[in-house]
Amino acid sequence: MTLLRHTRGGEITERQALTINPAKTCQPIGAMYAALGIHRCLPHSHGSQGCCSYHRSTLSRHYKEPVMAATSSFTEGSSVFGGQANLLQAIDNIFTVYQPDVIAVHTTCLSETIGDDIPQISEKASEKGLIPDGKCVIHASTPSYVGAAPTGFANMTAGMVKYFSKSTSPTKVADRVNVIPGWVEPADMREIKRIVAAMGLESIVFPDTSDVLDCPQTGMHEMFPKGGVTVEQLRATGDSAATIALGPICSDAAAVELTNKCGVPHTTLPLPIGLEATDRFILALREYNGGLVPQEITDERGRLIDLITDMHQYFYNKTAALWGDPDQLVSLSELLLTVDILPKYVVTGTPGKKFLRRMGEVLQERKSEVQVRQGTGADLFLMHQWIKNEKVDLLIGNTYGKYISRDEGIPLVRHGFPILDRVGHQFFPTVGYRGAIRLLEQILEALMQRQDDQCSEERFELTM
Ligand code: SF4
């Protein structure tokens, strides 16, 4: 708080090599989250204990669930001589003690800098008989100095295809699609499965953290909860009719890999957050179900449009500041523009070549009214400086924005990762038409409560 109270407006100094209060999270967290979306998989952090503790605790605090993961526990010796001995010992211990079906190894800054070769170490583990029959060790390379959590998610998801997907026949299963959901909440993954089923299609959603990170309380601890895509399903992705990848940064790499490896055609779409983005998802699914949209989905769309129409006067001409992951920011900006809220400031620390172009396509003629920044210096300090110079009506982003919210008296709608101080994000989807209703309801609540709190007495209305 004290730190942010020192944020000054006025002239903004360009920074080339300094990030203050980053608008991104470390790459292995994304890999760990993706790995948890495989049934009976234990994520393994190849590095020091501190990295693994940070990744686990951030995920646990966001999901309010115990997040299981193992670590190679590097010491000074492994930092100098490499972590092969630690990983071999870890693979042996994990299969002996915890008996997962899959160990998903991701690297860290330290093991990447040393140059540990994980496939070679896995091969050695296999030669030494440390990997029991029918069990697997997969890996993703996730140095945090060249990426962020969405990149880690993308790398681990592409790893699932590299290690598991198989094409067993030139004839594909006509009514089955693979959906790569991107880094969204467990509730979103469940909602995506519901939408695809409502469209009359079978789906393999991977990864799938529903029923892993939003488990019901049963009084019993389950090391491996019932959810997650199974290894068998991952193998079968190579025989599906198509892949729909949601969110280019998180999902495109796996979809491309699947096309190249198994000849499964893919379509990459923005995350289906908001009216237009969900329309695109539904239209893509129509390609495989004979062109039908069931009444259930049409009604959900109609209810969203009704909400937008009824409450438009509260959205109109408002401004918002957004930070977080690129795939989320593009779709959120489009949703805001649909209801006539201007996403005035947008920052992400996550790299990704197409983000600025995609934002330009969404903003169109309003581009000149918006500040968009990506990479080094695209942080919450910069966002706060912009806000000091010209305020906005609303903040949308993760918990780290609560300092700006309090300092400036601007309401914050929590969205993205991590949310460390509220619940709800893991239970209520924001994808699809129903998700957009939820998101708009949260935005309205913030804007209307602010109006109630700040308007003059003669403008204080019972009916709004
Ligand atoms: S940034 Fe690198 S060193 Fe820091 S927690 Fe992440 S992986 Fe570990």
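Bear in mind the structure is a predicted one, so any value in this text is a computation, not a measurement. As a convention, each chain's residues are numbered from 1 in the sequence order in which they are written. Local features in this predicted model are restricted to residues of pLDDT 70 or higher, and side-chain atom pairs are both shown and tallied only at a pLDDT of 80 or more, whereas totals for entire chains, interfaces and linings draw on every residue.

Caption draft 1: A look at the site of the ligand. Placing the C-beta atom from the backbone, one calls a residue near a molecule or strand if that atom lies within 6 Å of it. Near the ligand you find C26, P28, G47, C51, Y54, T108, C109 and S144, and these make up its full shell. Residue polarity is assigned by list, with Asp, Glu, Lys and Arg as charged and Ala, Val, Leu, Ile, Met, Phe, Trp, Tyr, Cys and Pro as nonpolar; anything else, Gly included, falls into the polar class. The residue makeup of the shell around the ligand, split by class, is five nonpolar, three polar and no charged.

Caption draft 2: How the structure looks around the packing of helix 12 (residues 275–286) against helix 14 (residues 326–338). Inter-axis angles, ranging from 0 to 180 degrees, are taken between N-to-C directions of lines fitted to C-alpha atoms, where helices are fitted over the stretch in contact. The helix count covers DSSP runs of H or I at least four residues long, the strand count covers runs of E at least two residues long, and both are numbered beginning at the N terminus. It is the contact of helix 12 with helix 14, at a shortest axis distance of 7 Å, that shows an interaxial angle of 115°. From helix 12, L275, E276 and A277 reach across to helix 14, where they touch S331, E334 and T338. Residues are defined as contacting one another if the C-beta atoms placed from their backbone atoms lie within 7 Å.

Caption draft 3: Up close: the environment of F74. Of note, F74 is situated in the loop between strand 2 (70–71) and helix 4 (76–81). Between the buried cut of 20 or more and the exposed cut of 12 or fewer other C-beta atoms within 10 Å of a residue's own C-beta lies the partly exposed class, and all C-beta atoms are placed from the backbone. You can call F74 buried: it has 26 C-beta atoms within 10 Å. When the C-alpha positions of F74 and G47 are compared, they lie 5.5 Å apart, and in sequence the two are 27 residues distant. Look past the residues within four positions of F74 in its chain and what remains in contact with it is G47, S48, S79, G83, N86 and L110.

Caption draft 4: Representation of the sheet that holds strand 6 (residues 202–205). If you trace the four strands from one edge of the open sheet to the other, you get 6-5-7-8, paired in parallel fashion. The open sheet has two edge strands, strand 6 and strand 8 (266–269), and neither has a second partner. For this sheet the average axis-to-axis angle between neighbouring strands, irrespective of direction, equals 25°. As paired strands, strand 5 (residues 173–180) and strand 6 are joined by four bridges and run parallel to one another. When the sheet's bridge partners are listed, N178 is paired in strand 6 with I204. Along the sheet, helix 11 (residues 248–262) contacts strand 5, strand 7 (240–246) and strand 8; its crossing angle with strand 8, the most-contacted strand, is approximately 175°. Strands qualify as paired when DSSP identifies two bridges or more between them.

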